[in-house]
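Examination of the molecular architecture
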Amino acid sequence: MSTKKSDRRTEILQSLAGMLESSPGARITTAALAKEVGVSEAALYRHFPSKAKMFEGLIEFIEETLFTRIHRIVQDEEDVNKRLEVILFLVLSFSEQNPGMCRLLTADALAGETERLRVRIAQLFDRIETQLRQVLREADLKQNLRPVMGTNACANYLLALLEGKIRQYVRTEYKTKPLQNWQEQWQAIAPTLMVGRA
């Protein structure tokens with residue numbers, strides 16, 4: 001792929017993300033996107049065969065960004081509470097910095113789009129929950145700690161916190177930021193999650 005074509009693809013995806021952010025609740029049409037990018041609709045389709053593929057491009061960016069960093073966190077951090085804290089902070093800060101992407105994460109922007117996009121978002125959250133579950137399991141092996149409420153329940157609880165914060169961000173049209181009050185909330189939650197094995 002030539003650099004010029006790659007640059008145009010990136011420009012299209014950036015414009016799409018910008019439109020998702022600036023038009024909360026609105027459906028994005030290819031005509032509006034083409035106008036935003038400054039090209040014809042035909043030019044859009046030379047880079048992406050469908051609007052669904054454009055959304056998939058954004059989802060791939062989210063996946064690559066989050067899971068590359070989560071992998072690094074798991075490699076670098078030994079303590080379970082620190083791992084959990086940094087992973088949750090990563091997802092929330094990514095969401096706060098990318099409001100348009102949150103409309104994808106909540107599937108708000110996917111109404112009327114192909115089912116596979118919603119499935120892909122569901123899989124993304126399943127992968128985050130799997131990572132959290134793995135961190136919790138390793139705590140048992142490496143630190144002799146276990147979640148008070150059980151591994152699956154704890155991973156699901158933490159995922160629900162993330163999803164709730166992201167959903168609130170979209171619902172309030174980006175006024176209530178995901179990291180708002182997070183430090184105080186995490187300080188209250190963290191001590192209640194794990195207990196030492198007897």
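As a convention, each chain's residues are numbered from 1 in the sequence order in which they are written. With the structure being a predicted model, the display of local features is reserved for residues of pLDDT at least 70 and the display and counting of side-chain atom pairs for 80 or more, all residues being used for whole-chain, interface and lining totals. Based on all heavy atoms of the structure, the side-chain values leave hydrogens and waters out of the count.

**Examining the overall build of the protein**
A count of helical and extended segments in the protein gives nine helices and two strands. Helix numbering and strand numbering both begin at the N terminus, where a helix is a DSSP run of H or I of at least 4 residues and a strand a DSSP run of E of at least 2. Overall, the protein shows an N-to-C arrangement of helices and strands of α-α-α-α-α-α-α-β-α-α-β. Its C-alpha atoms put the protein at 65 × 35 × 25 Å along the principal axes. Burial status across the protein gives 44% buried among its 198 residues. The criterion used for residue contact is that any of the two residues' heavy atoms lie within 4.5 Å. Look at the contacts in the protein between residues 6 or more apart in sequence, and 71% of them connect residues 24 or more apart. Each accessible area value is a Shrake-Rupley result obtained with a 1.4 Å probe; residue values ignore everything except the protein chains displayed when judging cover. A total accessible area of about 10200 Å² is found for the protein, and carbon and sulfur atoms account for 48% of it. We treat Lys and Arg as the positive residues and Asp and Glu as the negative residues; His and chain ends play no part in the count. A charge is said to be at NZ when it belongs to Lys, at CZ for Arg, at CG for Asp and at CD for Glu. In the protein, 28 side chains carry a positive charge and 25 a negative one; their mean positions are 4 Å apart. Throughout this description, buried means an accessible area under 20% of the type-specific maximum (1.4 Å probe, protein chains only), exposed means over 50%, and partly exposed covers the range between.

**Some remarks on the environment of Ala52**
Within the element layout of this structure, Ala52 appears in helix H4 (residues 51-76). Measuring from C-alpha to C-alpha, the distance between Ala52 and Leu110 comes to 9.1 Å, with 58 residues separating the pair along the chain. Other than its neighbours up to four places away in sequence, Ala52 contacts Thr114, Arg116 and Leu117.

**Some words on the packing of H4 against helix H5 (residues 80-97)**
Orientation of H4 relative to H5, taken along the N-to-C sense of each, is 160°, at an axis distance of 10 Å. Classified by the angle between their axes, H4 and H5 sit roughly antiparallel to one another. As for the relative orientation of H4 and H5, their crossing is right-handed in sense. Residues Phe61, Ile62, Thr65, Leu66, Arg69, Ile70, Ile73 and Val74 of H4 lie in contact with H5, whose contacting residues are Arg83, Val86, Ile87, Leu90, Val91 and Phe94. Class assignment of the residues belonging to the contact of H4 with H5 gives a composition of 11 nonpolar, one polar and two charged. Axis lines are fitted to C-alpha atoms, over the contacting stretch for helices. Their N-to-C directions set the angle, which ranges from 0 to 180 degrees. Working definition: roughly parallel below 35 degrees, roughly antiparallel above 145 degrees, roughly perpendicular at 65 to 115 degrees, and oblique for all remaining angles. Crossings are sorted by hand: turned counterclockwise from the far helix by less than a right angle, the near helix makes the crossing left-handed, and turned clockwise it makes it right-handed. Think of it as three bins: nonpolar holds Ala, Val, Leu, Ile, Met, Phe, Trp, Tyr, Cys and Pro, charged holds Asp, Glu, Lys and Arg, and polar takes everything else, Gly as well.

**Here we look at the nonpolar core**
Considering soluble globular proteins, one finds that nonpolar side chains tend to be buried as a cluster. Leu84, Leu104, Ile128 and Trp186 are the most contacted members of the largest nonpolar core, which has 62 residues in total. Elements with a contribution of two residues or more to this core: helix H1 (3-22), helix H2 (30-37), H4, H5, helix H6 (99-105), helix H7 (115-143), helix H8 (151-171) and helix H9 (182-193). Per-element tally for this core: the top contributor is H4, with 11 residues. Apart from residues no more than four positions distant in its own chain, Leu84 is found in contact with Leu132, Val135, Leu136, Leu158, Trp186 and Leu193. Each nonpolar core is a collection of buried residues, namely Ala, Val, Leu, Ile, Met, Phe, Trp, Tyr and Cys, held together in the definition by side-chain atoms within 4.5 Å.

**Some points on the packing of H5 against H7**
Running from N to C, H5 and H7 point in directions that differ by 165°, and their axes come no closer than 9 Å. In terms of their interaxial angle, H5 and H7 are classed as roughly antiparallel. In this structure, the crossing between H5 and H7 has a hand that is right-handed. In this structure, H5 uses Val80, Arg83, Leu84, Ile87, Leu88 and Val91 to contact H7, whose residues at the interface are Ile128, Leu132, Val135, Leu136, Glu138, Ala139, Lys142 and Gln143. Across the contact of H5 with H7, the residue classes tally to 10 nonpolar, one polar and three charged.

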